[in-house]
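Each chain, written out:
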Amino acid sequence: MVTQYIGAEIRRQEDPRLLSGQGVFVDDVNLPHMLHAAILRSPHAHARIRSIDASKACAVAGVAAVFEFKNFEPIARPIPARIYALPGLDRYLQFPLARDKVRYVGDPVAVVVAETPYLAEDALEEIEVAYEPLPAVVNVRDALRDEVLVHEQNGSNLASHYTVSVGDVDEAFRVADYTRREEFKTQRLTGSPLETRGILASYNPAQDELTVWGPTKVAHYNRGLLSTLLNFPEHKIHFIEPDVGGGFGVRGEFYPEDFLIPYASMQLNGLKIGANTCSVPTTRGKFSAMSRLPRREKAHSWGCALRSSATWEPISAPTAASCRRISPTCCRPRIALLIMNARFISS
């Protein structure tokens, strides 16, 4: 049965609906009496937060609430990394909102909930944050020197180090007829789908149930994680995924907003809250809202060993990367996983 589809032209079933404007994306979901949220993000790559004064924002007509880290601190937990467990990585995880420090451009600092998205965006400008700028680390090699620590309490920017090996690599290099070693670097990058990220949450206090709309390719994982972060039963959380305007890897993680918007809805006694997480229509706004994820920079020290028979021997490749996701392409990578505090923003 499967073989008849391999190489065959398959008619797409969804095209008529999407081409005729009948698609339903997260921004098309409008619920009665819905409020709107906007996120205040750090303009600094690395800075201490000395104070946050949201009193003027709270006084703006039409603003329902302003949330800071202190509002959910009693239940605050860091967002886990969605990869296999790495020793020590748990010390470098991110909270949904910054506590005493911001560590990248776009780090969420506060959330404003208001009657319209325009009011929410305007109210962001009324929040006064006193930052103490700190030196930034902008590449992998500088971060390894530990001259500027992103997480001072850990004493190093090196989050994890481990070795994976197949065969006797050292012996293979010793007896090889030809060896080669090279250095390779890859720049920072991120996915940029046509549809920006967005999320909508509605808590029903009568039934004690939470419904969340938002495009994600890991709905079951995110639902379980949201249950843990909210300390709320998973079977009472319903995820609805509408049409998705592109992914390119940026929809495969749990972002701070994926906690903040459902949390705000529950705190506001079930009011429905929607958030286009990068509603400012600029490249800077879009990339800042996606800073948490795959803007990875990698540096590879790569080596290969060859025999005259032209067969490949195991490869040695120490790798350093400034992200939470590593994709080794060799037999024995010695991987230095870094947490970095700067993000390149295109504007």
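First things first, this report covers the structure right here in the doc. Small disclaimer: the values here were computed from a predicted structure and weren't measured.

Along its length, the protein chain carries nine helices and 15 strands. For the protein chain, buried positions account for 49% of its 347 residues. Partitioning the contacts of the protein chain with sequence separation of at least 6, the portion at a separation of at least 24 is 77%. Summing over all exposed atoms, the protein chain offers an accessible surface of approximately 17600 Å²; the carbon and sulfur share of this is 52%.

Taken in spatial order, the three strands of this open sheet run β4-β2-β6, and their pairing is antiparallel. With one partner strand each, in any of the chains shown, β4 (101-102) and β6 (128-133) form the two edges of the open sheet. Direction of pairing for strand β2 (residues 47-53) relative to β6: antiparallel, over a ladder of six bridges. Note on β6: the bridge partner recorded for Asp53 is Glu128.

Our next topic: the pattern of salt bridges. Counting across every chain of the model gives 18 salt bridges. A salt bridge links Lys236 to Asp208; the shortest N-O distance between them is 3.1 Å. On the criterion of sequence distance, the pair formed by Lys236 in the loop between α7 (219-230) and β11 (237-240) and Asp208 in the loop between β9 (198-204) and β10 (209-213) is long-range, its members being 28 residues apart. Three or more residues are tied together by salt bridges with common partners; here these are Arg12, Glu14 and Asp15.

Per the counting criterion, the structure on display carries two cavities of 30 Å³ or more. What the largest cavity holds in volume is close to 190 Å³. Lining the largest cavity we find 19 residues, and of these Gly214, Pro215, Thr216, Asn222 and Asp258 sit closest to its centre. Elements supplying a minimum of two residues to the lining of the largest cavity: β9, β10, α7 and β11.

With that settled, the discussion passes to the nonpolar core. Taken as a class, soluble globular proteins show a tendency for nonpolar side chains to be buried jointly. Counting residues in each nonpolar core, the largest one holds 32 residues, and the members touching the most others are Val113, Leu210 and Phe259. Sorting the residues of this core by element identifies β1 (35-41), β3 (63-67), α3 (69-72), β5 (108-114), β9, β10, α7 and α8 (256-267) as the ones contributing at least two each. Looking at this core element by element, the count peaks at six residues for α8. Setting aside chain neighbours within four positions, we find Phe259 in contact with Phe72, Ile75, Pro96, Leu226, Leu229, Leu230 and Phe254. Counting 19 residues, the second largest nonpolar core, distinct from the first, contains Ile49, Val63, Val109 and Leu124.

Secondary-structure assignment places Val140 in helix α5 (residues 140-144). A relative accessible area of 2% means that Val140 is categorised as buried. For the pair Val140 and Lys298, spaced 158 residues apart in sequence, the C-alpha separation works out to 7.3 Å.

Procedures and definitions
- Along each chain, residue indices are assigned from 1 in the same order as the chain's sequence is written.
- pLDDT decides what is reported in this predicted model: residues at 70 or higher carry local features, side-chain atom pairs at 80 or more are listed and counted, and totals for whole chains, interfaces and linings draw on all residues regardless.
- Hydrogens and water molecules were not included; the side-chain quantities draw on all heavy atoms of the structure.
- Only runs of H or I of at least four residues qualify as helices and only runs of E of at least two qualify as strands under DSSP, and these elements are numbered from the N terminus.
- Summary of the burial criterion: residues with accessible area below 20% of their type's maximum are buried, those above 50% are exposed, and those between are partly exposed, where the area comes from a 1.4 Å probe applied to protein chains only.
- In this analysis, two residues are considered to be in contact whenever any of their non-hydrogen atoms come within 4.5 Å of each other.
- Per-residue and other accessible areas were derived by the Shrake-Rupley procedure at a 1.4 Å probe size, with only the shown protein chains allowed to occlude residues.
- At least two DSSP bridges between two strands are needed for those strands to be called paired.
- What makes a salt bridge here is a side-chain nitrogen of Lys or Arg within 4 Å of a carboxyl oxygen of Asp or Glu, nothing more.
- Lining residues are those with an atom within 4 Å of a point, where the points come from a 1 Å grid over the protein atoms alone and group into cavities, where a 1.4 Å probe fits but cannot get out, or pockets, open sets with protein on both sides within 12 Å along at least five of seven lines.
- Grid points are joined across faces, edges and corners, and a volume is the space filled by probe spheres set on the points.
- In this description, a nonpolar core means a group of buried Ala, Val, Leu, Ile, Met, Phe, Trp, Tyr and Cys residues linked to one another through side-chain atoms lying within 4.5 Å.

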